[in-house]
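Listed here are the chains, written in short residue letters.
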Amino acid sequence: MANYYDEILEEIEELISRNENEEALFLIRKELNMPYVPSDFEQKIKELRRTVTASIQEKKDTKEASLDSLLKNLRGSESAQIAAASALSQRNLRDCIMEIRMYLANEPCPEAAALIMEAIAEQEIREDFRLVTNGIEADFYGDSLIPVAKSGGFRKAYACLKKWLENDNPGMLEMCRTLLTRQVFMALPLSYDAEEGEDLALGVLEEVSGMMDGGLTYRQIRAKESSF
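Because the structure is predicted, anything quoted here is derived from the model rather than measured.

When you look at the side chain of Ser-209 in this model, what are you seeing that I'm missing?
The residue Ser-209 is located in helix H9 (residues 197–213) in this model. Once you skip the residues sitting within four places of it in the chain, Ser-209 turns out to touch Met-172, Gly-214, Gly-215, Leu-216, Thr-217 and Tyr-218.

Structure (structure tokens):
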């Protein structure tokens, strides 16, 4: 039996060394709940429990501090807001719904607000929000938002751009895709319908073509596509 307890201690220590503290704590609790626990083994395993518990708490405190820091940065400069919003968009926003509500309702940086709203849409958060921009209020429900990539208008517009540019001008297509993504992104909480896709694509193409070749490609496609 001595070998059994030595092996258990080694297994727990190995889990701790790999920072798998939850698994180590599970094994510790399992052993302490056994009908019989040798006193020397019990002493050692309780010492390991204190170590593991402290490590888990430290990690939890660090995570909470990190969240607090990100939320604080939402009250900073535009660049700080964008960086914080980008980081928050990778987290579960349900952990900070009230703070997100307050942020969106107090004239947020548009780019940062769009990042937050895209994350709300992706996470399908069933909560109500209010966006205030330049004094204009827009109320919306999180699970009614449509992520950019799933927007009917975005998909239709990108399909048009691919049809027009993919074979002859892939570089311009990439530029158009970037601008299209930004335009749909910045429209949140509103979204474009599929019926608006062609006009959306034309507007994006006109702007990019104007920058890249003085509008030549735009004029050629307008002439070619008799439906416009």
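Got a minute to help me understand the state of the cysteines in this structure?
As used in these notes, a disulfide is a covalent bond between sulfur atoms, one from each of two cysteines. The full count for this structure, using the stated rule, is zero disulfides. We note that Cys-109 lacks a disulfide partner, and the nearest cysteine sulfur, in Cys-96, lies 17 Å from it. Judged by relative accessible area, which is 3%, Cys-109 ranks as buried. We note that Cys-160 lacks a disulfide partner, and the nearest cysteine sulfur, in Cys-176, lies 12 Å from it.

Which parts of the structure should I look at to understand the nonpolar core?
When a protein is soluble and globular, its nonpolar side chains tend to lie buried together. Within the largest apolar cluster, 50 residues are counted, with the highest numbers of intra-cluster contacts made by Leu-104, Ile-116, Ile-120, Leu-161, Trp-164, Leu-165 and Leu-205. It is helix H6 (residues 110–123) that contributes the most residues to this core, eight residues altogether.

Looking at this structure, I do not really get unusual backbone geometry. What am I missing?
Apart from glycine, the bulk of residues carry a negative phi angle, and the bulk of peptide bonds sit in the trans form. The omega angle of the peptide bond from Leu-188 to Pro-189 is 15°, so this bond is cis rather than trans. In this structure, Pro-189 sits in the loop between helix H8 (170–186) and H9. In the Ramachandran plot, Asn-19 falls in the positive-phi region, its phi being about 65° despite a non-glycine side chain. Looking at the secondary structure, you find Asn-19 in the loop between helix H1 (2–17) and helix H2 (21–32). At Glu-107, a position not held by glycine, the phi torsion is positive, near 50°. Relative to the helices and strands, Glu-107 resides in the loop between helix H5 (97–104) and H6.

Parameters at a glance
- Throughout, residues of each chain are indexed from 1 in the direction in which the sequence is written.
- Reporting in this predicted model follows two pLDDT cut-offs: at least 70 for local features of residues, and 80 or more for side-chain atom pairs to be given and counted; totals over whole chains, interfaces and linings ignore these cut-offs and use all residues.
- Remark: hydrogens and water are excluded; side-chain values derive from all non-hydrogen atoms of the structure.
- Only DSSP runs of H or I reaching four residues or more are called helices, and only runs of E reaching two or more are called strands; each is numbered from the N terminus.
- The contact criterion used is simple: two residues touch if any of their non-hydrogen atoms lie within 4.5 Å.
- When two cysteine sulfur atoms are found within 2.5 Å, that pair is recorded as a disulfide.
- Exposed residues in this analysis have more than 50% of their type's maximum accessible area, buried residues have under 20%, and partly exposed residues fall in between, with area computed by a 1.4 Å probe over protein chains only.
- Nonpolar cores are built from buried Ala, Val, Leu, Ile, Met, Phe, Trp, Tyr and Cys residues. Side-chain atoms within 4.5 Å join them into one set.

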